[in-house]
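If you want the building blocks of each chain, they are given just below.
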There are 2 protein chains.
Amino acid sequence: MSDTPPAAMTPPNLPSGAVRAQSVPRVFAGAFGLLEPHLAALDRLLQAQLEAFEPEIRGMAEACIDTSGKRIRPALVFFSSWNSTASVSPETVRAAAVVELIHLATLVHDDIMDGADVRRGHATATRAFGSASAVLLGDALFAHALNLATQFPTNEVCAAVSESTRRVCAGEIVQTLRRGSFEVTRSDYRRIIELKTAELFRVSCFLGARLAGSEPAYVDAVSRFGEHLGIAYQIYDDLVDFFGKEDRIGKTLGTDLLSGKLTLPLFALMERLPPSEKEALKGEIEGREPARLSLRLRQMNELGVFSAVEEAVGAELASARAVLSPAFDLRPPTPLLLSLAELLKSQVSALRR
Amino acid sequence: MSDTPPAAMTPPNLPSGAVRAQSVPRVFAGAFGLLEPHLAALDRLLQAQLEAFEPEIRGMAEACIDTSGKRIRPALVFFSSWNSTASVSPETVRAAAVVELIHLATLVHDDIMDGADVRRGHATATRAFGSASAVLLGDALFAHALNLATQFPTNEVCAAVSESTRRVCAGEIVQTLRRGSFEVTRSDYRRIIELKTAELFRVSCFLGARLAGSEPAYVDAVSRFGEHLGIAYQIYDDLVDFFGKEDRIGKTLGTDLLSGKLTLPLFALMERLPPSEKEALKGEIEGREPARLSLRLRQMNELGVFSAVEEAVGAELASARAVLSPAFDLRPPTPLLLSLAELLKSQVSALRR
């Protein structure tokens with residue numbers, strides 16, 4: 001869930017935030033450019049939600065509902081509901097706001113657990129208001145997300161997002177329990193990222209397709225696309241933690257190693273290290289030894305870890321493509337969703353130094 | 001929200017836990033005795049919810065959905081939906097489970113903020129699993145509560161409980177922000193307890209009356225009764241913090257003074273202290289001076305604080321009664337709800353040493 005700022009899924013070479021900033025020239029590459037009116041409508045709806053919060057906590061909620069996010073999950077809702085007219089429907093904007101609010105709520109709680117002080121250039125809620133208030137503020141954001149979901153005529157949206165949220169939390173719990181442990185398998189890793197990240201990608205696609213009235217087979221395919229894309233995105237995010245450029249992603253590198261979190265780059269490194277070095281890395285993961293980040297980064301570069309992880313992302317994106325194409329090539333959402341997969345792929349390549 | 005164990009709203013002189021323990025003789029005094037089948041059905045439904053949690057977190061969820069709670073909010077759902085047949089309807093049991101799960105989720109998060117190790121004789125989630133997991137577990141419980149709420153045919157239950165939850169969180173946030181501050185007024189205190197406690201009492205009554213198909217005027221009256229009862233209950237809970245018997249309530253006394261939380265007993269004490277002593281108490285609330293609990297307790301006894309707070313509870317319960325009686329004396333829920341108010345009143349009197 002820990003998205004990498006800034007706009008990781010915006011087209012490369014685009015000024016950070018340009019997709020949504022009103023004062024920046026509107027130079028859009030690729031599918032994201034189509035979303036300008038949708039994302040503007042989303043911003044208006046998110047801002048309007050502040051009225052629902054009690055006056056005492058409205059300012060705190062406002063600090064969380066910032067306008068600098070990448071809005072990846074809303075984009076999935078919009079693209080999955082795309083039709084030939086490309087109109088902005090109130091229902092999809094509402095669904096996009098629901099998933100974004102849930103995402104923002106999870107970020108507030110994530111930052112507490114990570115002790116993070118800064119997100120997207122601003123103080124985190126836990127830093128600004130204290131961890132106790134941040135726990136409650138996350139709860140309030142989540143409660144309001146579900147409340148917004150009840151504005152649909154049926155229970156379906158609320159049922160889908162509440163179930164997804166429980167799964168996201170389950171994934172985060174498993175990850176938390178495994179932190180600092182070397183007894184984590186690749187299959188555990190996949191299970192964790194399926195739950196903590198891919199689930200909300202999946203439900204975003206599901207809601208878009210459902211609200212567009214798509215037939216069940218396409219709703220299912222789009223949902224599975226979202227799940228694969230979410231897994232690929234999380235692997236990318238874990239790669240950024242080692243191969244990102246600090247000044248660009250706005251956070252410290254190597255935090256996963258330092259906090260004892262086994263991610264795919266570390267699995268790939270382990271598998272390539274000689275036994276004695278592997279034992280030493282184990283000590284670093286388990287916190288018995290100080291983490292030697294620069295050594296591990298050098299080894300990752302020397303041992304082809306980047307390529308191995310890039311390949312894993314590529315395989316996941318291929319699975320994502322396969323559920324949509326060629327079977328559903330003619331549906332309006334398909335090319336847009338596929339372009340997101342391409343965009344992610346190019347983002348991964350851009351990390352190569 | 002911090003309920004005082006054991007069964008504070010069970011009839012006096014009843015063995016702790018007897019209302020729901022299966023192996024204890026079923027000697028019920030008053031209205032609670034009518035609820036035996038309802039509470040048994042509630043237990044079954046709560047236990048059945050465990051299946052919905054991911055296997056990795058099921059045991060953790062089970063530890064939170066214990067069977068030793070007082071089930072006050074479920075009782076309010078059941079009584080507010082009472083009709084002449086007193087049958088156990090699946091809808092009211094489900095609504096009762098929803099409000100209880102939300103209550104349990106808030107307790108999990110409360111215990112993190114209070115650093116509480118023990119609740120109802122068991123290790124708290126934050127103690128057992130760590131605070132990070134407890135944040136997420138509370139989230140998962142809350143998400144599941146809302147998911148269960150989507151099993152009703154319409155969005156109404158989900159809308160009501162998600163709004164209530166946001167209000168409960170807002171109340172807790174305000175309380176957290178005011179902790180250690182002397183700049184809190186009686187009106188702030190009332191606002192806090194309206195949100196953090198009375199709101200869930202209110203919505204429990206609302207749901208019961210709505211599910212029973214009561215006319216709007218009665219739904220409204222029952223809801224307002226619940227709100228007044230919740231305020232009275234929180235004042236009682238705050239009184240227990242000073243006047244409870246440690247061996248009986250199973251927790252340390254004076255925690256509100258020690259943590260700098262201004263509650264009604266402290267307001268009543270302040271108003272009765274000479275200026276110099278008031279200044280000293282201010283230092284204790286603000287954490288500049290060590291809290292002198294035994295002195296403050298003695299002063300409370302000498303200066304009639306107990307009677308003053310008892311009177312405030314009595315006034316709130318009188319307001320509760322007035323919205324139901326005599327206008328709605330003939331409705332089946334009315335005498336049951338009024339008996340709960342009487343029960344609370346007798347619990348308060350029983351605290352007098």
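The structure this text deals with has already been given above.
These numbers come from a predicted model, not from an experiment.

This part takes up the relation of the copies chain A and chain B. Aligned on chain B, chain A shows an RMSD of 0.0 Å; the corresponding rotation is 180° and the shift along the axis is 0.0 Å. The relationship between the two copies is best expressed as a two-fold rotation axis. Minimal C-alpha distance to the rotation axis in chain A is attained by A:Asn155, lying at 2.7 Å. Of the residues that chain A buries at the interface, 100% are likewise interface residues in chain B, meaning the two copies contact each other through the same surface.

In this complex, chain A contributes 34 residues to the contact, which on the side of chain B involves 34 residues. Secondary-structure elements contributing two or more residues to the side of chain A that touches chain B are helix H2 (55–64), helix H4 (90–114), helix H6 (131–149) and helix H7 (156–178) of chain A. Among the elements that line the side of chain A that touches chain B, the one with the most residues is H7(A), at 14 residues. Here the side of chain A that touches chain B is composed, by residue class, of 18 nonpolar, nine polar and seven charged.

Moving on: the nonpolar core. Core analysis: the largest hydrophobic core is formed by 218 residues, its most contacted members being A:Val98, A:Leu137, A:Leu141, B:Val98, B:Leu137 and B:Leu141. With near-sequence residues (within four places) excluded, B:Leu137 lies in contact with A:Ile173, B:Ile57, B:Met60, B:Ala61, B:Cys64, B:Val108, B:Ala125 and B:Phe129.

The next subject is the environment of B:Leu340. Residues and elements named next belong to chain B. Within the secondary structure layout, Leu340 lies in helix H16 (residues 333–350). For Leu340, a count of 23 C-beta atoms within 10 Å puts it in the buried group. Along the chain, Leu340 and Phe79 lie 261 residues apart, while their C-alpha atoms are 9.5 Å from each other.

This part covers the packing of helix H9 (residues 216–243) of chain B against helix H15 (residues 305–324) of chain B. Residue and element names in this part refer to chain B. Relative to each other, H9 and H15 sit at 165°, their axes nearing to 8 Å. The orientation of H9 with respect to H15, classified from their angle, is roughly antiparallel. Considering only the axes of H9 and H15, their crossing is left-handed. For the pair H9 and H15, the contacting residues are Ala221, Arg224, Phe225, His228, Leu229, Ile231, Ala232, Ile235, Tyr236, Leu239 and Phe243 in the first and Phe306, Val309, Ala312, Val313, Glu316, Leu317, Ser319, Ala320, Val323 and Leu324 in the second. Of the residues belonging to the contact of H9 with H15, the class tally is 17 nonpolar, two polar and two charged.

A word on unusual backbone geometry. Residues and elements named next belong to chain A. With omega at 10°, the peptide bond leading from Ser325 into Pro326 counts as cis. Note on placement: Pro326 falls in the loop between helix H15 (305–324) and helix H16 (333–351). Positive phi outside glycine occurs at Arg71, with the angle close to 55°. Secondary-structure assignment places Arg71 in the loop between H2 and helix H3 (72–80).

Residue and element names in this part refer to chain A. Remark: H3 packs on H4, axes separated minimally by 8 Å, with the N-to-C direction vectors making an angle of 155°. In terms of orientation, H3 lies roughly antiparallel with respect to H4. In this structure, the crossing between H3 and H4 has a hand that is right-handed. Across the interface between the two elements, Arg73, Pro74, Val77 and Phe78 from H3 touch Thr92, Ala95, Ala96, Val99, Glu100 and His103 from H4. Residue composition of the contact of H3 with H4, grouped by class: six nonpolar, two polar and two charged.

Parameters at a glance
Residues numbered from 1 in each chain as written. Chains lettered and ligands numbered in written order. Predicted model: local features only at pLDDT ≥ 70, side-chain atom pairs only at ≥ 80, totals over all residues. Least-squares fit on C-alpha atoms with pLDDT ≥ 70 in both. Contact = placed C-beta atoms within 7 Å. Helix = DSSP H or I, 4+ residues; strand = E, 2+ residues; numbered from the N terminus. Nonpolar A, V, L, I, M, F, W, Y, C, P; charged D, E, K, R; others polar. Core = buried A, V, L, I, M, F, W, Y, C linked by C-beta atoms within 7 Å. Buried ≥ 20, exposed ≤ 12 C-beta atoms within 10 Å, placed from the backbone. Axes fitted to C-alpha atoms, helices over the stretch in contact; angles between N-to-C directions. Parallel < 35°, antiparallel > 145°, perpendicular 65-115°, else oblique. Left-handed = near helix turned anticlockwise from the far one by under 90°.

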